[in-house]
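Read off the chains here:
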Amino acid sequence: LLFLIILGAMVCLMNRAGGSAAFGAWASKHIKSRVGAQLATIALGVLIFIDDYFNCLTVGSVMRPVTDSHKVSRAKLAYLIDATAAPVCIIAPISSWAAAVAGFVAEEEVSGFQLFLSAIPYNFYALLTIVMMLAITVMKFDYGKMRIHEENALNGDLFTSDAATFADSTDDINANPKGKVIDLIIPVVMLIIACVIGLIYSGGFFDSTSGSYHNIIEAFSGADASVGLLYGSFCTLVLTVAYFLVRRVISFKNCMESI
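Before going into details, it helps to say that this report is about the structure given with it. (Residues numbered from 1 in each chain as written. Predicted model: local features only at pLDDT ≥ 70, side-chain atom pairs only at ≥ 80, totals over all residues. Heavy atoms only, no water.)

1. A word on the overall build of the protein
Scanning the protein from N- to C-terminus turns up 13 helices and zero strands. Seen in sequence order, the protein has helices and strands lined up from the N terminus as α-α-α-α-α-α-α-α-α-α-α-α-α. Taking 2.2 N^0.38 as the reference for a compact globule, 259 residues should give roughly 18 Å; the C-alpha atoms of the protein span a radius of gyration of 20 Å, in line with that estimate. In the protein, 76% of the contacts between residues at least 6 apart in sequence involve partners at least 24 apart. Side-chain charges in the protein split into 16 positive and 20 negative, and the spacing between the mean points of these groups amounts to 17 Å. (Helix = DSSP H or I, 4+ residues; strand = E, 2+ residues; numbered from the N terminus. Rg over C-alpha atoms; globule rule 2.2 N^0.38 Å. Contact = heavy atoms within 4.5 Å. Lys, Arg positive; Asp, Glu negative; His and termini not counted. Charge placed at Lys NZ, Arg CZ, Asp CG, Glu CD.)

2. A few points about the layout of surface pockets
There is about 260 Å³ of room inside the largest pocket. Lining the largest pocket are 15 residues; nearest its centre among them are Leu1, Phe3, Leu4, Ser96 and Ala99. Residue assignment for the lining of the largest pocket shows that the elements contributing at least two residues are helix H1 (2–17), helix H4 (52–69), helix H6 (96–103) and helix H12 (225–247). Classifying every residue of the lining of the largest pocket gives 11 nonpolar, two polar and two charged. (1 Å grid on protein atoms, 1.4 Å probe; cavity = no way out; pocket = protein on both sides within 12 Å on 5 of 7 lines; lining within 4 Å. Points joined across faces, edges and corners; volume = space filled by probe spheres on them. Nonpolar A, V, L, I, M, F, W, Y, C, P; charged D, E, K, R; others polar.)

3. Digging into the side chain of Thr67
Counting through the fold element by element, Thr67 comes out in helix H4. For Thr67, a relative accessible area of 0% puts it in the buried group. Leaving out residues up to four positions away in the same chain, Thr67 has contacts with Ala37, Thr41, Val72 and Leu77. (Buried < 20%, exposed > 50% of the residue type's maximum accessible area, 1.4 Å probe, protein only.)

4. Brief notes about the packing of helix H3 (residues 34–47) against helix H5 (residues 74–90)
Contact geometry of H3 with H5 gives a least axis separation of 9 Å together with a crossing angle of 25°. Judged by the angle between their axes, H3 and H5 are roughly parallel. Handedness of the H3/H5 crossing: right-handed. In contact with Gln38, Thr41, Ile42, Gly45 and Val46 of H3, H5 contributes Lys76, Leu77, Leu80, Ile81, Thr84 and Val88. When grouped by side-chain class, the residues that make up the contact of H3 with H5 number six nonpolar, four polar and one charged. (Axes fitted to C-alpha atoms, helices over the stretch in contact; angles between N-to-C directions. Parallel < 35°, antiparallel > 145°, perpendicular 65-115°, else oblique. Left-handed = near helix turned anticlockwise from the far one by under 90°.)

5. Observations regarding the packing of aromatic side chains
Summed over the entire model, instances satisfying the criterion amount to six aromatic pairs. Look at Phe23 and Trp26: their rings are 5.7 Å apart centre to centre, the planes differ by 40°, and that puts the pair in the tilted class. One end of the pair is Phe23 and the other is Trp26, both in helix H2 (residues 19–30) and three residues apart, which spans about a single turn. For the pair Phe141 and Tyr143, a centre-to-centre distance of 5.5 Å together with 35° between the ring planes defines the contact as tilted. On the accessibility criterion, Phe141 (44% relative accessible area) is partly exposed. Of the residues examined, Tyr143 reaches a relative accessible area of 48% and is grouped as partly exposed. Here the aromatic cluster, defined as three or more aromatic residues joined through ring pairs, consists of Tyr201, Phe205, Phe206 and Tyr231. (Phe/Tyr/Trp six-rings, centres within 6.5 Å; stacked < 30°, edge-to-face > 60°.)

In structure tokens, the structure reads:
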């Protein structure tokens, strides 16, 4: 729960600093087709594999202006985000899913984290969902209600609903217009690196007195994912606040309001 709260605070910080809006503007200039916009959404979702909620919040706010400009329906955007977030996170060793699944396994001959790693090739739901999503996108094959949404989007109706009260929703009006793409990339990269370090730390990699683990693989196998991810995310939150303050893209008051 603490890990998820910290990730939510980081999303608010990146939005307020203008990093999400800057990345969306950059993507709009370089993506020239509907298929490209959808593939970019999938790619960004794969890169943000730490947590599915963090994935949805970040990718949704970043790619919504891009997909809107290429007349991709909101229903299709929601599908792409959801079909990327959970399937990618549930097969990523460094994720909140790994922490949750590992926590349900009793400590016996094999650790929960080690069992999670060995089960990845057999997670057919996640693997086939990703394959199906890519096939639908590249082949431009939509069916059922999604086809109706996409046809309406091509005619200018992104919502296919009379009750789309969210149609006029806008991004955070307090976002810094001087934000840059790097203000999104650096926090995400720091989060991944810090979580990796947190995991191997919880696995005893830096404990010279224990002598239990001799390499990173063994440390990963014996890691306490819930502890490692919490350490990594908390350190990233502190570093992100410091980075934004040094960059002067967000004030200390705004940082505290976002957190």
